[in-house]
Amino acid sequence: MDTPYIFNNKKTYLILTDNLTSLVAGFIDSALVSGKNVVVVTSRKQVQEQIANNVGFPTFLVPIPPENDNKLFFDTNMPGNLEELEYKSFPLWKGLSIDRLRFWQVNNGLLKEFISKISFDTAVIDFDLLSPLSSIWEEIGQLIILKSQTLRTPEHFSFLVRNRERVEYVVTDKEMDVSYLSQADLQAKVWSVEKEFEPPIEKVYGLDAIYYDKRYIWQFNEYFDGKHLVIGNTRFPQAISFDRPSIELFPRCHPNAHVQVMPPNTITTPKRLIMFAYDEEVIDRISPKEVLIYDPYNVNRAVEMSVGDERVVRVING
Amino acid sequence: MANIAIFVGRKHHAQKLMNIGRFLAYRGHTVFPLTANNAINIDPPQDGIGDYVHAYHYLTQENVSSVDSYIQEKEVRSNVPQFWKDYSLRELMLSYLAFNNYLTSEDKPDAVLILHENNFWTKPLSFLCEQLGIPCFAFQEGLLRRKDQDDMKKQTFACEYSTKLFVWGDDSKRQYVEAGVPENKIVVTGAPHLAHNKIQKENDRKRVVYFLPLLQHYYGKPQADIEAIAAYCRNNGFDFAVRPHPFENSLEIPFVTDKRENVIDVILDTDIALVQHSTTALECLVLGTPVIEVAFGQKNFIEPLHKEQPLIPVIKSYGELSRVGELENYIPKISQDWIWDKIRIGDLDLIANEIEAHIDQH
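If you're wondering where the values come from, they're calculated on a predicted model, not measured in any experiment. Residue numbers here run from 1 along each chain, matching the order of that chain's written sequence. By the order in which they are written, chains take letters starting at A while ligands take numbers starting at 1. A pLDDT threshold of at least 70 governs which residues receive local features in this predicted model, and a stricter bar of 80 or more applies before side-chain atom pairs are shown or counted, although totals over entire chains, interfaces and linings include all residues. Calculation of side-chain values draws on the structure's entire complement of heavy atoms; hydrogens and water are dropped beforehand.

(A) Just the environment of Gln238 of chain A, in detail. Residue and element names in this part refer to chain A. Numbering of helices and strands runs from the N terminus, with a helix taken as a DSSP run of H or I at least four residues long and a strand as a DSSP run of E at least two residues long. Looking at the element boundaries, Gln238 is found in strand β13 (residues 238-240). For Gln238, a relative accessible area of 12% corresponds to the buried category. Counting along the chain gives 32 residues from Gln238 to Pro270, while the straight-line C-alpha distance between them is 9.4 Å. From its side chain, Gln238 meets the backbone oxygen of Leu207 in a polar contact 3.0 Å long. Accessible area is worked out with a 1.4 Å probe on protein chains only. A residue is then buried under 20% of its type maximum, exposed over 50%, and partly exposed in between. Each polar contact in these results corresponds to two N or O atoms within 3.5 Å; when the atoms are within protein, one needs to be able to donate a hydrogen and the other to accept it, and residues that are neighboring in sequence are counted only if both atoms are side-chain atoms.

(B) Representation of the pattern of salt bridges. For this analysis, a salt bridge means a side-chain nitrogen from Lys or Arg found within 4 Å of a carboxyl oxygen belonging to Asp or Glu. Throughout the structure, instances matching the rule amount to 40 salt bridges over all chains. A salt bridge links Glu91 of chain B to Arg100 of chain A; the nearest nitrogen and oxygen atoms lie 3.2 Å apart. Of this pair, Glu91 of chain B sits in helix α3 (residues 82-103) while Arg100 of chain A sits in the loop between α4 (93-96) and α5 (109-116), placing the two residues on different chains. Considered together, Glu91 of chain B and Arg100 of chain A belong to a single accessibility category, that of buried residues. Two residues, Glu160 of chain B and Lys123 of chain B, come together in a salt bridge whose shortest N-O distance is 2.7 Å. In this pair, Glu160 of chain B sits in the loop between α5 (146-152) and β6 (164-167) while Lys123 of chain B sits in helix α4 (residues 122-132), placing the two residues 37 residues apart along the sequence. We classify Lys123 of chain B as buried; its relative accessible area is 1%.

(C) Broad picture of the interface of chain B and chain A. In what follows, a contact means two residues having at least one pair of non-hydrogen atoms within 4.5 Å. Chain B puts 64 residues into the contact, and the matching count from chain A is 62 residues. In short, buried area is how much 1.4 Å probe accessible area vanishes from two parts on joining, totalled over both. When the buried surface of chain B facing chain A is broken down by residue, Gln72, Gln82 and Met152 of chain B rank first, second and third, together holding 12% of it. Here chain B and chain A share 23 residue pairs in polar contact (both at pLDDT 80 or more) between them. Top contributing element to the side of chain B that touches chain A by residue count: α3 of chain B, with 15 residues.

(D) Structural view of the packing of helix α6 (residues 154-162) of chain A against helix α2 (residues 61-73) of chain B. Taken N-terminus to C-terminus, the directions of α6 of chain A and α2 of chain B make an angle of 55°; their axes are 8 Å apart at the nearest point. Regarding the angle of α6 of chain A to α2 of chain B, the classification is oblique. As for the relative orientation of α6 of chain A and α2 of chain B, their crossing is right-handed in sense. Residues Phe157, Ser158, Val161 and Arg162 of chain A of α6 of chain A touch α2 of chain B, and the partners they reach there are Ile71, Gln72 and Glu73 of chain B. Here, axes are lines fitted to C-alpha atoms. For helices the fit covers the stretch in contact, and angles between N-to-C directions go from 0 to 180 degrees. Small angles under 35 degrees read as roughly parallel and large ones over 145 as roughly antiparallel, with 65 to 115 read as roughly perpendicular and the rest as oblique. Note on convention: near helix rotated counterclockwise from far helix by under a right angle means a left-handed crossing. Clockwise means right-handed.

Spelled out as structure tokens, the structure:
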């Protein structure tokens, strides 16, 4: 694999992305227009082709295959680099390594080698936490972050807070993220994406609904009188989910809840959606008038995740 | 009589421990499932276990805040995508604090049973039990692979904090002792989940079942292999079914699949089991179901049983499928001692006696 050699003194961005989003395309375009050097790297062949076809810019493909060498894993994770992770005298790696990290380790040696050979000023990352490229984010200096789907999960937030000293700014497509990011003392730049004109219509809402996901069995049971789906004095007659396994598992995990969970497209858009964690994608797709979140003890960090989203009228976390 | 919590994080925990749980209840103890969150939740333990104690019920907002403060400061240096680092650490630490609060509350149990120590729930749970003086009992989960010990010392970590480790046979005991588990912690009890009665088959046709490993670990071409076996069975008067691995998330196989909840029910309804590096192979042998290992045209899979016990047949090509019909000629020759060295039917009395003795001591 060839590595890029850059011979001028202009600022150079290293863009790491496994998605071609409008923010990625826009950033590449504007960096080139403003005379910056740009090196784009992806681990997905399909994205390399998409960027070539849609942006007209070459992208370096650096494969990051799964790492299956368990001996290597033992050396680096048991405890290896994790030795200092301890909580109240419990060595955290013992609960973290064999049962969790082992399943998702990747071989990012080629990516590290590639990056070590180029000189760049700032790394620009598409903020997709599941991309194998993200395995080296903690090691690559100054960052510009491009929103990828959402910025609002506990894992996104932890990364932003932990690395705020080296994040120059975050690019987002929604104004509401400005106040959310200010919680982490981060500067946001809002990149307006042109939307098709939609004539104003008076939206008709249906009955309130609970959004159910199998991840929130405990939260559901904490708040609901299962027999009638009641919180306090309010009865919620319907429950919806985009997740097929959640729809199938509901009656088996909540045998006393006499309600059927249905796909959202089978009911009229609910006026009020009841959730157990903030989920930007679900709220955008269902588009209720209001959202109420029940997040006991703030386990899903709904308090922080919902800041700036005016659709969320209340978070109950007691 | 004691309050005994059985930790159930996934469905197979319940399936492996339900027999001993029922038996302890029969002896007069109050036995209940204890669970905690698993945000991946591919097989929620809440499905079918009745009333349970959820450790998160004992969390506080301060706990959650302290976990998030810790994660926002500490970087996990590991070659995995960023999501899994923070997500896994958060889930582990929330479990730790939830268990700690539960085990120090008025509701605390007199003893805890776990399937094994090697996951993000049971490692902190067994650690806390040891610190708080609550007896904790671990079990052998499945077939022990020497490679797991060589690569990751998996057997060594199986019983660091638990009071006792109940294992399937003398061979397992030897492996755990070699791995450094103190001998006085290990009790050979057999596998408690196998304490079943043979069911009556409804017809006389022989039933062949192919117990698949996780397809990501399959040696060979699963689609072609299954088609060849199905054709052989069809032409030779055998019923045939495929049994997907219980952790296989979504598997659409165009053959008869047997997805009954508990694999033991499937084994007991099987006349000839086809297997590939599987715990199921041992379970079949001890339950009297003949086993054939399958390695069509490939190099051997990891640690095949036929290397240790030549009387277990291996089929290396489609042409050798005729051995399925000859199986009755040689399977009975495998000595019971060899099988029992690997695995025995669980002795529930022995396990219960051990548990009760330690509860009395505490």
